[in-house]
Amino acid sequence: MAITLDFSGKVVVVIGGTSGINRGIAELFATHGAKVAVASRKQEKVDDTVTALRQLGADAMGFVADVRELEVLEAGLQTVHDRFGDFDVVVSGAAGNFPALANDLSGNAFKSVIDIDLRGTFHVMKTVYPLLRKPGASVINISAPQAFIPMKAQAHVCAAKAGVDMITRTLALEWGATGVRVNSVVPGPIDGTEGMARLAPDEKIRSMVARSVPLGRLGTPADVGNACLFLASELGSFVSGTILPVDGGWSQNSCGNMSEYLGNAAARTPGS
Ligand code: HXC
Ligand code: NAP
């Protein structure tokens with residue numbers, strides 16, 4: 001039988017799914033028939049996303065949670081499980097980023113990114129596991145090239161995202177026996193996103209970044225979403241523990257001049 005990308009009747013949960021790349025992923029699953037739940041810190045972003053997902057024809061819901069708060073996350077995910085049942089797909093993508101040289105990072109600044117990206121990922125993994133469909137669930141962590149390409153002004157992000165990928169690889173080992181697959185997707189520079197606004201804030205640097213991508217363009221949230229559809233579908237049924245760059249080859253090019261650009265920019269404006 002031909003494999004389809006029909007997610008009708010499937011339950012997809014996207015943590016940090018209310019803007020940018022993660023919202024694009026949520027919307028793509030919605031257009032492929034899934035029931036979709038999203039969560040993030042801000043009620044208005046959750047409401048706006050749920051409305052948009054419903055306009056795409058999905059049965060959708062959302063809740064407010066900060067991934068740093070385990071109990072709040074647990075309570076919110078339980079409401080999704082109560083209404084939609086076992087989770088077929090979980091995308092964990094909440095993250096924080098700002099460029100700052102290590103010498104300009106306070107202990108709390110470093111901790112804030114570790115808490116959101118790394119501890120937050122662990123909280124999501126720990127909380128969703130009992131609620132996953134077993135066998136069959138696909139769990140996808142949204143990582144970043146900083147996980148394996150060192151970049152100036154990104155020590156906090158490099159450390160956090162490297163940890164995220166090791167959580168992915170470890171859980172692929174621990175959860176494989178129950179038929180749960182765990183993978184990371186590594187977006188390259190994705191146009192129109194908060195991440196790009198923070199790291200490539202003007203048109204000159206934006207086009208410099210685009211030129212440094214071997215495929216010659218910035219990515220779109222749908223580029224990343226398509227990889228998630230693949231991983232979550234039968235097409236990806238023997239893929240687990242992988243770290244999948246969706247970056248037009250950018251990381252093969254050491255992410256161009258991003259490190260030098262960020263280092264110089266952060267040195268000019270410490271703490272900005
Ligand atoms: C130095 C900074 C800083 C900066 C904040 N801090 N911004 N230090 N330079 N630019 C410090 C603060 O002074 C404080 O330390 C500590 O960090 C915590 O700051 P808060 O504002 O209290 O934290 P919080 O409200 O929890 O917000 C977390 C955040 C924020 C990460 C700082 O920016 C956020 O919520 N971001 C979410 C959205 C986001 O970043 N999206 C982009 C993801 S893109 P002190 O010592 O003063 O207490 C991505 C990869 C992109 O992840 C890759 C592109 C190629
Ligand atoms: P974004 O729009 O800022 O998305 C972050 C999402 O996470 C938002 O929905 C945000 O909503 C939520 N969030 C942030 N902190 C949270 C917290 N503590 N608890 C719960 N939710 C939280 O950023 P983006 O640029 O699209 O990035 C999305 C993902 O892709 C991130 O994991 C990022 O590291 C990764 N990535 C991005 C790029 C890029 O080019 N943009 C490149 C590589 C990797 P609230 O504000 O409502 O909480």
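Residues numbered from 1 in each chain as written. Chains lettered and ligands numbered in written order. Predicted model: local features only at pLDDT ≥ 70, side-chain atom pairs only at ≥ 80, totals over all residues. Heavy atoms only, no water.

A.B. asks: Requested: an account of the site of ligand 2, with residues and values cited.
C.D. replies: Neighbouring residues of ligand 2: 31 residues in total, closest S19, S40, R41, K42 and T193. G93 is positioned with one of its backbone polar atoms (N or O) 2.8 Å from an oxygen atom of ligand 2. Here G195 contributes a backbone N or O atom positioned 2.9 Å from an oxygen atom of ligand 2. In isolation ligand 2 has 880 Å² of accessible area, and contact with the protein removes 91% of it. Elements that contribute at least two residues to the shell around ligand 2 include exactly helix 1 (20-31) and helix 6 (194-199). Partitioned by chemical class, the residues of the shell around ligand 2 number 13 nonpolar, 11 polar and seven charged. (Near = heavy atom within 4 Å. Polar contact = N/O pair within 3.5 Å; in protein donor to acceptor, adjacent residues only side chain to side chain. Areas by Shrake-Rupley, 256 points an atom, 1.4 Å probe, with all protein chains shown as cover. Helix = DSSP H or I, 4+ residues; strand = E, 2+ residues; numbered from the N terminus. Nonpolar A, V, L, I, M, F, W, Y, C, P; charged D, E, K, R; others polar.)

A.B. asks: Describe in detail the sheet that holds strand 7 (residues 243-246), supporting the description with residues and values.
C.D. replies: Neighbouring strands of a sheet are bound in pairs by backbone hydrogen bonds; such pairs are parallel or else antiparallel. Read from one edge of the open sheet, seven strands run 3-2-1-4-5-6-7, paired in parallel fashion. Strands with a single pairing partner mark the edges of an open sheet, and in this sheet they are strand 3 (60-64) and strand 7. The mean inter-strand angle of the sheet, taken between neighbouring strand axes irrespective of direction, is 20 degrees. Where strand 1 (residues 11-15) and strand 4 (residues 89-92) come together, four bridges link them in parallel fashion. (Pairing = 2+ DSSP bridges. Axes fitted to C-alpha atoms, helices over the stretch in contact; angles between N-to-C directions.)

A.B. asks: Please give an account of the nonpolar core that cites residues and values.
C.D. replies: Core analysis: the biggest nonpolar cluster contains 30 residues, and I25, F29, V36 and V185 have the highest contact counts within it. Those elements that provide at least two residues to this core are strand 1, helix 1, strand 2 (35-40), helix 2 (43-55), strand 4, strand 5 (138-142) and helix 8 (221-232). Not counting residues within four places of it along the chain, the set of residues in contact with V36 comprises V12, A26, F29, A30, L53, D59, A60, M61 and F84. Membership of the second largest hydrophobic core comes to 29 residues, among which are I15, F63, V67 and L131. (Core = buried A, V, L, I, M, F, W, Y, C linked by side-chain atoms within 4.5 Å. Buried < 20%, exposed > 50% of the residue type's maximum accessible area, 1.4 Å probe, protein only. Contact = heavy atoms within 4.5 Å.)

A.B. asks: Talk me through the environment of I114; I want residue IDs and the actual numbers.
C.D. replies: Relative to the helices and strands, I114 resides in helix 4 (residues 107-128). Judged by relative accessible area, I114 falls into the buried class, the value being 16%. The residues contacting I114, other than those within four sequence positions of it, are R119, H156, A159 and A160.

A.B. asks: An account of the pairing of strand 6 (residues 181-187) is requested, with residue identities and associated values reported.
C.D. replies: With seven of its seven residues buried, strand 6 lies for the most part within the structure. Alignment of strand 5 against strand 6, held across five bridges, turns out to be parallel. Bridging across to strand 6, N141 finds its partner in S184. Assessed by its sense of winding, the connection that carries the chain from strand 5 through helix 5 (residues 155-175) to strand 6 is right-handed. Pairing between strand 6 and strand 7: four bridges, direction parallel. Across the sheet, the residue bridging to P187 is V246, located in strand 7. (Right-handed = clockwise from strand over helix to strand, strands pointing away.)

A.B. asks: So what about helix 2? Which residues, and what values?
C.D. replies: The end-to-end C-alpha separation of helix 2 is 18 Å, in line with the 18 Å expected for 13 residues at 1.5 Å each. All of the buried residues in helix 2 are V46, T49, V50, A52 and L53. Buried residues of helix 2, viewed axially, fall in a sector of 160 degrees; they line one side. In helix 2, the exposed positions angled more than 90 degrees off the buried face are occupied by E44 and Q55. Check the buried side of helix 2 and you find it contacts helix 1, strand 2 and strand 3. (Expected span 1.5 Å × (residues − 1). Arc of directions from axis to C-beta.)

A.B. asks: Run through the environment of D48, naming residues and quoting values.
C.D. replies: By the secondary structure assignment, D48 is in helix 2. Using a relative accessible area of 44% as the deciding quantity, one classes D48 as partly exposed. In terms of polar contacts, D48 uses its side chain to reach the side chain of R23, at 2.8 Å.

A.B. asks: Describe in detail the pairing of strand 2, supporting the description with residues and values.
C.D. replies: Buried residues dominate strand 2, accounting for five of its six residues. The pairing of strand 1 with strand 2 spans five bridges and is classified as parallel. When the sheet's bridge partners are listed, V12 is paired in strand 2 with V36. On the question of chirality, the crossover connecting strand 1 to the parallel strand 2 by way of helix 1 is right-handed. As paired strands, strand 2 and strand 3 are joined by five bridges and run parallel to one another. Bridge pairing in strand 3 places S40 opposite V64. After leaving strand 2, the chain enters helix 2 and then returns to the sheet as strand 3, a path that is right-handed.

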